[in-house]
Number of protein chains: 2
Amino acid sequence: MALIVHKYGGTSVGSVERIKNVARRIAKWQRAGHRLVVVVSAMSGETNRLIALAKEIQPNPDPRELDVVASTGEQVTIGLLAMALKEIGLKAKSYTGPQVHVLTDSAFTKARIIDIDEKKIRADLDSGHVVVVAGFQGVDEHGNITTLGRGGSDTSAVALAAALRADECLIYTDVDGVYTTDPRIVPEARRLHTITFEEMLEMASLGSKVLQIRSVEFAGKYKVPLRVLSSLTDPDMPLAEEANSGTLITFEEDTKMEKAVISGVAFSRDEAKITLTRVPDRPGIAYQILGQIAEANIDVDMIVQNISVDGMTDFSFTVHRNEYAKAMDVLAAKVKTHVGAKEIVGDPKIAKVSVVGIGMRSHVGIASLMFRTLAEEGINIQMISTSEIKISVVVEDKYLELAVRALHKAFGLEQETA
Amino acid sequence: MALIVHKYGGTSVGSVERIKNVARRIAKWQRAGHRLVVVVSAMSGETNRLIALAKEIQPNPDPRELDVVASTGEQVTIGLLAMALKEIGLKAKSYTGPQVHVLTDSAFTKARIIDIDEKKIRADLDSGHVVVVAGFQGVDEHGNITTLGRGGSDTSAVALAAALRADECLIYTDVDGVYTTDPRIVPEARRLHTITFEEMLEMASLGSKVLQIRSVEFAGKYKVPLRVLSSLTDPDMPLAEEANSGTLITFEEDTKMEKAVISGVAFSRDEAKITLTRVPDRPGIAYQILGQIAEANIDVDMIVQNISVDGMTDFSFTVHRNEYAKAMDVLAAKVKTHVGAKEIVGDPKIAKVSVVGIGMRSHVGIASLMFRTLAEEGINIQMISTSEIKISVVVEDKYLELAVRALHKAFGLEQETA
């Protein structure tokens, strides 16, 4: 008898029919003797509807009040799913984030989970209930409602699994697992049976939208076994089969010896590049630039600074495309003169393409194969950044698909490896 | 500088445009130096939409979960209104019922308010905020979300006004006050400038849907001055004029000497009549019958029992028409044999018509004028029940409009009294 957390996204609970299917699926797991905690998102389209309503009132909605409005989407789903479970004879109880004290910081619209009080949930599990918890939402120390940002329900699920020391956290979604790259771009893309946390982290952060990155960080930190699988299969399919479907995100590299060096090709079209040219190369410059950006609550992704010439250097970084205008404003107003940059050059028409693989650590030549492949396609590389298990390049955004297809092929990802 | 509670119903906040109008109206009151607490309902149609969704999942929705779902309607409105207030430069903050500890009992879907913690609200008022609170909802001692039933936002507003010892509670609605009867049935119906709490209580309980009855009880109990007025007027109308519009519900009978004996004709089409015939007339019978009805959480309105003949009597009462089938089932299953009734006879096709007036206390002849008027129209009276300030009769429902018009005329309600 295991304690299992299920998470169902917006598409999986997008209609009354689908909510009923989710209930049948949960019933199957409970009948097999498992204790179930279920985290749900808002019905698909609902969060967008609420945000649009808010923007009609206030083009730039107050973040605290936006969270009050946006968090209602998940609250509707928890009630409906609990009803659907009761309707088929299960004991069930729903909770909002605040009701189970999903304590977060006060960064409205992108809050981070600090703690969860799992006592109520344990008591309900002990008395045979399926516990349904609203994803995406929490409460700060002052009792304000907060939300975790897009995809936050994944994080809610993993945080609950960690707090409850669950045996597994199953993320049911509208895709059937993690692929070597986006099948819409590369039809030969292949589903991975397993992927390591580190790889998944890079894949997620690089734009493979299967899982929210923070949920993967959380799962890695608290060693929560995580599986991504489809919610669109027959809810009555055999449990043993379902339990082994999708992609398992593992802690071990054990089978990696036989595997490809690269697990996947990730990409993101949502970024913009900003460069400050001819910045004096002295201590504290990076902080003076990025400190102001962080102050404005803008996340920075890649950061590149090359060696200096004549004591001057160029400093580049990327931000989410939505925050490009804001970042440019901050730099113009608070940074440019202060750090003595010559000019600020920005480009929102870029894309980032990365190859990811834990095997990279022990293999040379990955970078050179990547760069050669792009060169052969005539794609100019604008920025390069590397980590132990990934290499990312920034290219002009019109080359995105071409780059992804060429790299997927060059690294042999279309072939199943034993 | 007064502390004033405003309440806006579903129609008043039924669109983005109307919410913006509400914000302008509130701004006007704040500019005049008042401290404002604003209670809002769900946008019109929203509660029905949520309940319909729930019924698609579970034809008879679990009450706890229904409250989780239904309470989201008000939560959306508070966020939107707070945004609208900020957008025009006011300081504003929204709270759900649970956030300001609107403590209720655990009778889901029809909970009653026990207490409100007004500390947070006072602190926000002190720092110049308009405080926006979700009506209709609360939290029980176990932290479960509860709702107060249809019209519950009126009660929320009055309860807040009582807790804060507000100077006045203004109920903004889609009618411009309390009328002598429903103008849709009697075009000559007249708006009352004032009405006493006792009269309003009878009018409300008898189906004049301007205010929820519990809100009037609350206001009477805690001596909260209450005014019903229109939210559809120009939000920029002069404040002095607005503050004196609508109908004021007063504690005093002071001006009653010059007034008509009867204040209004109320009616209800939502009731059903049930009679247990030939019940033994012994102590405890009424309790044995109604105890089971109360147990099933069914509210009983009129109760009539006549003198006994041969130790047997007929026992009649009315319930809400929605609960007629349930009440009949309870009686058949748990009461009939037990109390030894001959049969249970029910009729959902009835209507109740009442004349209400505090002046009735000191005037004889009201009942005889009422009965004569109905007799002259050929309307048979099925049941009669009286209180100090009202007389109610049950008639076949097809006679409802005829009875209301005849009584409104007979008691001279179409003429303005000095």
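Residues numbered from 1 in each chain as written. Chains lettered and ligands numbered in written order. Predicted model: local features only at pLDDT ≥ 70, side-chain atom pairs only at ≥ 80, totals over all residues.

Caption draft 1: Inspection of the relation of the copies chain A and chain B at higher detail. Placing chain A over chain B gives an RMSD of 0.1 Å and needs a rotation angle of 179 degrees, together with 0.0 Å of translation along the axis. Expressed as a symmetry operation, the mapping of one chain copy onto the other fits a two-fold axis. When C-alpha distances to the rotation axis are compared across chain A, the minimum falls at Thr72 of chain A, with a value of 2.7 Å. When the interface residues of chain A are mapped onto chain B, 100% of them again fall at the interface, so both copies present the same face. (Least-squares fit on C-alpha atoms with pLDDT ≥ 70 in both. Contact = placed C-beta atoms within 7 Å.)

Caption draft 2: Fine view of the sheet that holds strand E18 (residues 350–356) of chain A. Residues and elements named next belong to chain A. On the basis of which strands lie adjacent, the open sheet formed by four strands has the order E13-E18-E20-E19 and antiparallel pairing. In the strand order of this sheet, the two ends are held by strand E13 (264–268) and strand E19 (383–387), each with one partner. Averaged over all pairs of adjacent strands, the angle between strand axes in this sheet comes to 20 degrees, irrespective of strand direction. As judged from the seven bridges shared by E18 and strand E20 (residues 390–396), these two strands associate in the antiparallel manner. The partner of Ala351 across the bridge, within E20, is Val395. Sheet strands in contact with helix H13 (residues 400–410) are E13, E18 and E20, and its direction is about 10 degrees off that of E18. (Pairing = 2+ DSSP bridges. Helix = DSSP H or I, 4+ residues; strand = E, 2+ residues; numbered from the N terminus. Axes fitted to C-alpha atoms, helices over the stretch in contact; angles between N-to-C directions.)

Caption draft 3: Up close: helix H4 (residues 72–87) of chain A. Here H4 of chain A is 16 residues long and its end C-alpha atoms lie 23 Å apart, about the 22 Å a rise of 1.5 Å per residue gives. One or two residues past the end of H4 of chain A sits Gly89 of chain A, with phi positive at roughly 95 degrees. (Expected span 1.5 Å × (residues − 1).)

Caption draft 4: Quick look at the pairing of strand E18 (residues 350–356) of chain B. All names here are of chain B. In terms of residue burial, E18 counts as a mostly covered element, since seven of its seven residues are buried. Taking every second residue as pointing to the same face, both faces of E18 are buried, with Ile350, Lys352, Ser354 and Val356 on one and Ala351, Val353 and Val355 on the other. Sheet topology places strand E13 (residues 264–268) next to E18; five bridges connect them, and they run antiparallel. Paired with Ala266 across the strands is Ser354, a residue of E18. (Buried ≥ 20, exposed ≤ 12 C-beta atoms within 10 Å, placed from the backbone.)

Caption draft 5: Seen up close, the sheet that holds strand E14 (residues 271–280) of chain A. Residues and elements named next belong to chain A. Spatially, four strands are ordered E15-E16-E14-E17 in an open sheet, and the strand pairing comes out antiparallel. Only two strands of the sheet have a single neighbouring strand rather than two, namely strand E15 (300–305) and strand E17 (343–347). The average undirected angle you get between the axes of adjacent strands in this sheet is 15 degrees. Where E14 meets E17, five bridges bridge the pair, whose relative direction is antiparallel. By the bridge assignment, Thr275 is partnered in E17 with Val345.

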